[in-house]
Amino acid sequence: MSVMPSSIDRDEPKPAYSLARMQVDDLPEVMTIENDVYPFPWTHGNFLDSLYSGYEIWIVRDSAEALAGYLLLMLSVDEAHLLNIAVRRDLHGQGVGRLLLDHAVSLARGKDMQSILLEVRPSNERAVNVYERYGFAGIGVRRGYYPAGASRREDAIVMRLSL
Ligand SMILES: CC(C)(COP(=O)(O)OP(=O)(O)OC[C@H]1O[C@@H](n2cnc3c(N)ncnc32)[C@H](O)[C@@H]1OP(=O)(O)O)[C@@H](O)C(=O)NCCC(=O)NCCS
C-alpha cells in the first residue's frame, strides 16, 4: 500500500511585502540599509531612542522575509512628522517607498492628523521627486539644517502633505 503524505503543502502565495512594527532585533538589518542609502546615516542609538519614544516605527519585509525598508513617524497634536523613510537600494523604484508613504498616511489619518511634514535635502533629488509625485508640496526652507561634511551644512526643504 502506498502511503500518501498526510498533508501536501499548499501555502497561499505570500504577499510581496508585509508591514510590521520595528523591534530592537530588527536594528542590525535596519542599520545595514541606513548606512548604505544615506551619506549621513542615523546611528544605532538614534533608532534605539526612537523605539523607546512612542513614535510610529514600521518595517516592511519582502517575500523572503528580508528587510525592504522602514519609516519613522512622529505624531503631534494635529500634524505628523516623517522623521525617516528608507528603502533597500536594490528595491528602489519598485513602489516600496510609495507603500511606506501609504502606510504613513493611513497611520496619520487614523490619529486625525491634518497633515504630514518632512524635511529633505535639496541634493536628494530622487526623494524630492518621490515626495512631489506623492503629493507633498514645498512650504519652506530650514537653513543649514543638515550636516554636509567638512563642517559644512545643507539646507532642508520642508514639504507638507495635506490629509
Ligand atoms: C526616497 C525613497 C524612500 C523612495 O523609495 P522608492 O521605493 O525608491 O520609491 P517608489 O519606487 O515607491 O517611488 C515612488 C514614486 O516616485 C517615483 N520615482 C521613484 N524614483 C524616482 C526618480 N528617481 N525620479 C522621479 N520619480 C521617481 C515612482 O515612479 C513613484 O511614482 P508613482 O507611484 O506615481 O509611479 C528611496 O529612494 C530611498 O530609500 N532613498 C534613500 C533614503 C532617502 O533618501 N530617504 C528620504 C530622506 S528625506
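Cut-offs used in this document
Residues numbered from 1 in each chain as written. Predicted model: local features only at pLDDT ≥ 70, side-chain atom pairs only at ≥ 80, totals over all residues. Helix = DSSP H or I, 4+ residues; strand = E, 2+ residues; numbered from the N terminus. Buried ≥ 20, exposed ≤ 12 C-beta atoms within 10 Å, placed from the backbone. Near = placed C-beta within 6 Å. Nonpolar A, V, L, I, M, F, W, Y, C, P; charged D, E, K, R; others polar. pLDDT = per-residue confidence, 0-100. Contact = placed C-beta atoms within 7 Å. Pairing = 2+ DSSP bridges. Axes fitted to C-alpha atoms, helices over the stretch in contact; angles between N-to-C directions. Core = buried A, V, L, I, M, F, W, Y, C linked by C-beta atoms within 7 Å.

(A) Geometry of the overall build of the protein chain. Within the protein chain, the regular secondary structure consists of four helices and seven strands. The buried share among the 163 residues of the protein chain stands at 21%.

(B) Here's a closer look at the site of the ligand. Around the ligand, 19 residues are found, and the nearest of them are Val37, His92, Gly97, Arg98 and Asn129. If you list the elements that add at least two residues to the shell around the ligand, you get strand 4 (79–87), helix 3 (96–110) and helix 4 (125–134). Taken together, the residues of the shell around the ligand sort by class into nine nonpolar, seven polar and three charged.

(C) How the structure looks around the confidence of the model for the protein chain. Averaged over every residue, the pLDDT of the protein chain is 92; the share at 70 or more is 91%. Note on residues 1–8: pLDDT is under 50 here. Beyond four places in sequence and across chains, it has zero contacts.

(D) Focus on the sheet that holds strand 5 (residues 115–120). An order of 1-2-3-4-5-7-6 is seen for the seven strands of this open sheet, with the pairing classed as mixed. Sheet topology places strand 1 (17–21) and strand 6 (137–147) at the edges, where each strand pairs with a single neighbour. Ignoring strand direction, the axes of neighbouring strands in this sheet form an average angle of 25°. Here strand 2 (residues 56–62) pairs with strand 3 (residues 67–75) via six bridges, running antiparallel. If you follow glutamate 56 over to strand 3, its bridge partner there is leucine 73.

(E) Geometry of the pairing of strand 6. For strand 6, a buried count of zero out of 11 residues is recorded, marking the element as mostly open to its surroundings. Sheet topology places strand 6 next to strand 7 (residues 153–162); seven bridges connect them, and they run antiparallel. Paired with arginine 142 across the strands is alanine 156, a residue of strand 7. The turn joining strand 6 and strand 7, which pair antiparallel and follow one another in sequence, is formed by five residues; a positive phi near 85° is taken by glycine 149.

(F) Geometry of the nonpolar core. Judged by nonpolar contacts, the single largest core of 30 residues is most densely connected at Leu71, Leu73, Leu82, Leu100, Ala104, Ile116 and Leu118. Elements represented by at least two residues in this core include exactly helix 1 (27–37), strand 2, strand 3, strand 4, helix 3, strand 5 and strand 7. Dropping the residues within four chain positions of it, leucine 71 is found in contact with Trp58, Leu82, Asn84, Ile85, Leu100, His103 and Ala104.

(G) Fine view of unusual backbone geometry. At glutamate 65, a residue that is not glycine, the phi angle is positive and equals roughly 70°. Tracing the backbone through its elements, the reader meets glutamate 65 in the loop between strand 2 and strand 3. Here aspartate 112, not a glycine, exhibits a phi torsion of approximately 60°, which is positive. Within the secondary structure, aspartate 112 sits in the loop between helix 3 and strand 5.

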